[in-house]
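Here's the letter readout for the chains.
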Amino acid sequence: DGRSGRVAADIMSIKLRELIRNVRACKSAAEERKVIFKECANIRTSFKQKVDSGLRHRNVAKLLYIHMLGYPTHFGQMESLKLIASPKFNEKRIGYLGLMLLLDETQEVLMLVTNCLKNDLKHKNPYIVGLALCSMGNISSADIARDLSNEVIRLFNSGNPYIKKKAALCAIRIIRKVPEMINDFISPAASLLSTKQHCVLVTGIALIIEMLSLKKKVATKFRKLVPNLVRHLKNLLLAGYVSEYDVVGITDPFLQCKIIELLRVLGTGNSKASEQMSDILAQVSINTEPSKNPGNAILYECVQTIMSIEAEDGLRHLAINILGRFLLHRDNNIRYVALNTLCGVIHREPSSIQRHKNHIVDCLKDPDVSIRRRALDLIYALVTKNNVAGLVRELVNYLSVTSGDEEFKRMLTDKIVLVTEKYTPSKLWHLNTLLSLVEIAGDVTRESVSANAVLVIGHNPSLHAYAVHRLYTSMKTQVVPSSTLMRLAIYAIGEYGNHLVSQQSVADANAKRPQESKQPKFTLQTPESVLGTIRHIISRPTCTKKVKAYVLNALIKLSTRFDKSVERQLKDTIKKYTTSMSVELQQRSCEYTKLLEMSDAAIKTKIVGTMPTPERLIKKETKMDGVEEEDPEDEDEDDEDEDDEDEDEEEEEEPVRRRKKPVKKPTKKPKKVPDVKVQPKPQPKPQPNVLFDLDDGAPAQPAAAQPEVDILGGLFGITANGSNGTPAPAPAPAPAPAPAVSQPSAQPQNKSFVIPVYDSQGIKIIFQCKTEASKPGVYRIRAVFTNANPTAVTNFDMKVAVPPWMKKIIKPAQSTTLSPGGQPVYQFLQIMNQSGKASVMKVKLDFVANGSKQSLPPITIDQFQ
């Protein structure tokens, strides 16, 4: 029976090579599954044979191949354990390979192999010892690590370098699973640095680095090894040609990188260790050939170490110059590494990096978008009051020649707006920059650009003439002006159109023209020419409903700024839209036509007078560091009918619409409100006070409004007009319980509070929240990110989620890199909750720290007041 079973098993069994050939010959997935399932059935049958067919290791090898194809192979786990117990090397090797692939540390069956591992660690054959160490280093659990740690420590004293390096790698797994055993490996790890075998040195240094990352306090015990490490590095630098370790003319670059990395860890925060390694770092930086990748890797590690330790100024300048050479390299990876490293050290060596700003600006022209974005972040960090004009000019020039990638262009314009507001040398220069962005980027720019331009113009009367002339000329000369440019120009014409027909204003505007401007000098315009240009604009097929609404606003304002000669033309143009299909345009046209027919010129002049500039600019510049917030209440509901408008334009409506004017208390006594029970209704969307005198898509409000009754206001003792208490009710025929609103309450006040979000791994995040009494349920939030680590945190990204009954608007962060040293990075967002339910949000953080990508679990925030 045994002999017949052996023959049957031999007949069913095929070699691994034949199985691979059969799988590759399959022409469909179904045919492949058929071959795999058939072979799995044969393997199961072979495993059930009570006699040892001698082919068990072949079947396990085939199972490993089937496992790599993604098919279930759990039935072969016990066979792997049986092979490990075999005295034959070829079977033991397949058994350990199956152990590492088919099992993991969470399975209880792994405990059965502990005794086999212990026996093999004492085996005379070094390759069997190596198999056991390799298996422990891959799947060892915490229990196995504790049980066999003494055996591993014993192997550190082995005379075989092969076993030493395997033991060091296995020790890394042990201290990761059982960090409290680090102290047991300090002396064995230090002993590995006294050997001359490169493989043992590399693994020993890797073990020490892992120990220092898990327990920084042990650094004091390893700093005495710095002279030994310096000697090893110097020998590698001065060594001649050694064929065994030579890589394109450099002696063992892997070992050199590891030594320099360990020096960086030991030298950080210690002046004595930093002084001991400064000379050798300078020698390596000067003598390493940068023409090959191994040399660049060594130089990069040198730069990282120099910028981390307490090095002298000359050594740091040398490191910055190495990064400057990297910027000229043809390899995109090397250029990106240089830019990324410069972003992390900009706060320490700004003057040294300034010398390479031309090369950094050239990186904006790179076809690789990741390099362009990193260069943009670095340029933003380089800007100071002394070089803002030159750098912004370079950025604007680059914006004029770039094409495609609208997301990058939008990011570029955002950066330009931030630096101009933070370091503007003059208001005229600030305005010129903003107008250049509108003229060049057009609809790619965010609404904040044109909003800031409006604020700068409004707060500086001396710029009115220049601004309206430049915008009028740009809109008239461009072949296809953007919607953003047309809206901004038409707004300026409506508010300050009188400067277009004034000779003195033309002279003032020409005096403020930049000398390098390519536009012709401004000329005196006539009311007829201005009106003709506006008519030509609205006759374009590309003119949107929003632009036409701006035109109607401008025309009614020009009726008091131009003479009577064009009044008939103004009226005809406005009256043209009384039959428009758009309710908004039709309503405005009808109201403005009636307004033109008013006999009282004083009232008409007051209604269409120059709009006062909001005070948001002053508050923003002093408190928000030049970064704008957006108001979600300014979104327009009716813009969904416009096919020509951009989604970003709809989501980020005019951010300059900041707050409503306080409603004045009516002079007349309000009418009596009957005391009846009314079901609460959802509050209607408030109509924003528009800076451009235009509610984009929402019907215009009548000139006179009836006193508003706020049914829910009684709950808090506040009426709809903002006053405390309620109007005095008329005498009632029968006494009734006093309503809750009869007692006056305090006027709601604005609130400011701070919510701690995250404070771990050297990264701290807080939310600075603000609410306004006029906008209940709206929270303006400034997120502040700081990094206390010695190295930069890159690719930082914060995602925000809110429940269905809430809305959110989030702006991009100022930078995706958190520089070390606690320099804050800001990000602005708003959440709205009009449902009455509790306000809550979740935040998810992703970033790269110390070269490893981390994705944190969502953080729930519900501390809103």
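Criteria and cut-off values
- Residues numbered from 1 in each chain as written.
- Predicted model: local features only at pLDDT ≥ 70, side-chain atom pairs only at ≥ 80, totals over all residues.
- Heavy atoms only, no water.
- Helix = DSSP H or I, 4+ residues; strand = E, 2+ residues; numbered from the N terminus.
- Buried < 20%, exposed > 50% of the residue type's maximum accessible area, 1.4 Å probe, protein only.
- Areas by Shrake-Rupley, 256 points an atom, 1.4 Å probe, with all protein chains shown as cover.
- Phe/Tyr/Trp six-rings, centres within 6.5 Å; stacked < 30°, edge-to-face > 60°.
- pLDDT = per-residue confidence, 0-100.
- Contact = heavy atoms within 4.5 Å.
- Patch = residues over 30% accessible without salt bridge, like charges linked within 9 Å, V, L, I, M, F, W, Y side chains within 5 Å.
- Salt bridge = Lys/Arg side-chain N within 4 Å of Asp/Glu carboxyl O.
- Lys, Arg positive; Asp, Glu negative; His and termini not counted.
- Charge placed at Lys NZ, Arg CZ, Asp CG, Glu CD.
- 1 Å grid on protein atoms, 1.4 Å probe; cavity = no way out; pocket = protein on both sides within 12 Å on 5 of 7 lines; lining within 4 Å.
- Points joined across faces, edges and corners; volume = space filled by probe spheres on them.
- Nonpolar A, V, L, I, M, F, W, Y, C, P; charged D, E, K, R; others polar.
- Expected span 1.5 Å × (residues − 1).
- Polar contact = N/O pair within 3.5 Å; in protein donor to acceptor, adjacent residues only side chain to side chain.
- Pairing = 2+ DSSP bridges.
- Axes fitted to C-alpha atoms, helices over the stretch in contact; angles between N-to-C directions.
- Parallel < 35°, antiparallel > 145°, perpendicular 65-115°, else oblique.
- Left-handed = near helix turned anticlockwise from the far one by under 90°.

**As for the overall build of the protein**
When helices and strands are counted, the protein shows 36 helices and 11 strands. Residue burial in the protein is summarised as follows: out of 865 residues, 50% are buried. Summed over all atoms, the accessible surface of the protein reaches about 42,900 Å², with 53% contributed by carbon and sulfur.

**Digging into the packing of aromatic side chains**
Scanning all chains against the criterion turns up nine aromatic pairs. Here Tyr127 and Tyr162 contribute two aromatic rings whose centre-to-centre distance is 5.5 Å and whose plane-to-plane angle is 55°, an arrangement assigned as tilted. One end of the pair, Tyr127, is in helix H8 (residues 126-139); the other, Tyr162, is in helix H10 (residues 161-177), with 35 residues separating them in the sequence. Since its relative accessible area comes to 26%, Tyr162 is described here as partly exposed. An aromatic cluster is present here, built from Phe753, Tyr779 and Phe864 joined pairwise through their rings.

**Observations concerning the confidence of the model for the protein**
In the predicted model, the protein carries a mean pLDDT of 80, and 82% of its residues have values of at least 70. Confidence drops under pLDDT 50 across residues 617-746; counting only partners more than four residues distant or on other chains, this segment forms 227 contacts.

**Observations concerning a positive patch on the surface**
A cluster of like positive charges, contributed by Lys215, Lys217, Lys221 and Lys224, occupies part of the molecular surface. Structurally, Lys221 is set in helix H13 (residues 219-222). We classify Lys221 as partly exposed; its relative accessible area is 46%.

**Some details on the layout of surface pockets**
Of the pockets and cavities examined, the second largest pocket occupies roughly 1,400 Å³. Arg264, Pro790, Thr791, Ala849 and Asn850 are the residues nearest the centre of the second largest pocket, which is lined by 37 residues in total. If you list the elements that add at least two residues to the lining of the second largest pocket, you get helix H12 (198-214), helix H15 (253-267), helix H17 (293-308), helix H19 (332-345), strand E6 (793-801), strand E9 (841-849) and strand E10 (852-855). Top contributing element to the lining of the second largest pocket by residue count: H17, with five residues. Partitioning the lining of the second largest pocket into residue classes produces 14 nonpolar, 17 polar and six charged.

**Let's talk about H10**
Between its terminal C-alpha atoms H10 stretches 25 Å, which fits the 24 Å expected from 17 residues at 1.5 Å a residue. Those residues of H10 that sit buried are Ile163, Lys164, Lys166, Ala167, Ala168, Cys170, Ala171, Ile172, Arg173, Ile174 and Ile175. At the N-terminal end of H10, a side-chain oxygen is found 3.0 Å from the backbone nitrogen of Tyr162, two or three residues along, and the residue is Asn160.

**Section: the pattern of salt bridges**
Counted according to the given criterion, the structure contains 31 salt bridges. Between Lys62 and Glu39 there is a salt bridge; the shortest N-O distance is 2.7 Å. Separated by 23 residues along the polypeptide, Lys62 in helix H4 (residues 56-68) and Glu39 in helix H3 (residues 29-48) bring together distant segments of the chain. For Glu39, a relative accessible area of 5% gives the class buried.

**Observations concerning unusual backbone geometry**
Phi at Val248 takes a positive value of approximately 45°, unusual for a residue other than glycine. With respect to the helices and strands, the residue Val248 is situated in the loop between strand E1 (246-247) and strand E2 (250-251). Even without a glycine there, the phi angle at Asn795 is positive, about 50°. Of note, Asn795 is situated in strand E6.

**Considerations on the sheet that holds strand E7 (residues 807-810)**
In space, the five strands of this open sheet follow the order E3-E4-E5-E8-E7, with antiparallel pairing throughout. Each edge of the sheet is formed by a strand with only one pairing partner; in this case those strands are strand E3 (751-760) and E7. Strand after strand, the sheet turns through a mean of 20° between neighbouring axes, direction not considered. The pairing of strand E4 (residues 763-772) with strand E5 (residues 775-787) spans 10 bridges and is classified as antiparallel. Its bridge partner being in E5, Gln768 is matched across the sheet by Arg782.

**Some words on H4**
For H4, built from 13 residues, the straight-helix expectation of 18 Å at 1.5 Å per residue is met to within 8% by its first-to-last C-alpha distance of 19 Å. Within the span of H4, buried status applies to Arg56, Asn59, Val60, Ala61, Lys62, Leu63, Leu64, Tyr65 and Ile66.

**Some remarks on the packing of helix H27 (residues 464-477) against helix H28 (residues 483-496)**
At a minimum axis distance of 9 Å, the contact between H27 and H28 shows a crossing angle of 135°. By the angle between their axes, H27 is oblique relative to H28. The two elements H27 and H28 meet at a crossing, and its hand is left-handed. Together, His464, Val468, Leu471, Tyr472, Ser474 and Met475 of H27 and Leu485, Met486, Leu488, Ala489, Ile490, Ala492, Ile493 and Tyr496 of H28 make up the contact between the two elements. Split by residue class, the contact of H27 with H28 holds 12 nonpolar, two polar and no charged.

**Describing the side chain of Asn387**
By the element assignment, Asn387 lies in the loop between helix H22 (369-382) and helix H23 (388-401). Using a relative accessible area of 9% as the deciding quantity, one classes Asn387 as buried.

**Here we look at the pairing of E3**
Here nine bridges tie E3 to E4, and the two strands are oriented antiparallel to one another. Within E4, the residue paired with Lys751 across the bridge is Thr771. Here E3 hands over to E4 after two residues, with Gln761 in that stretch at a positive phi of 55°.

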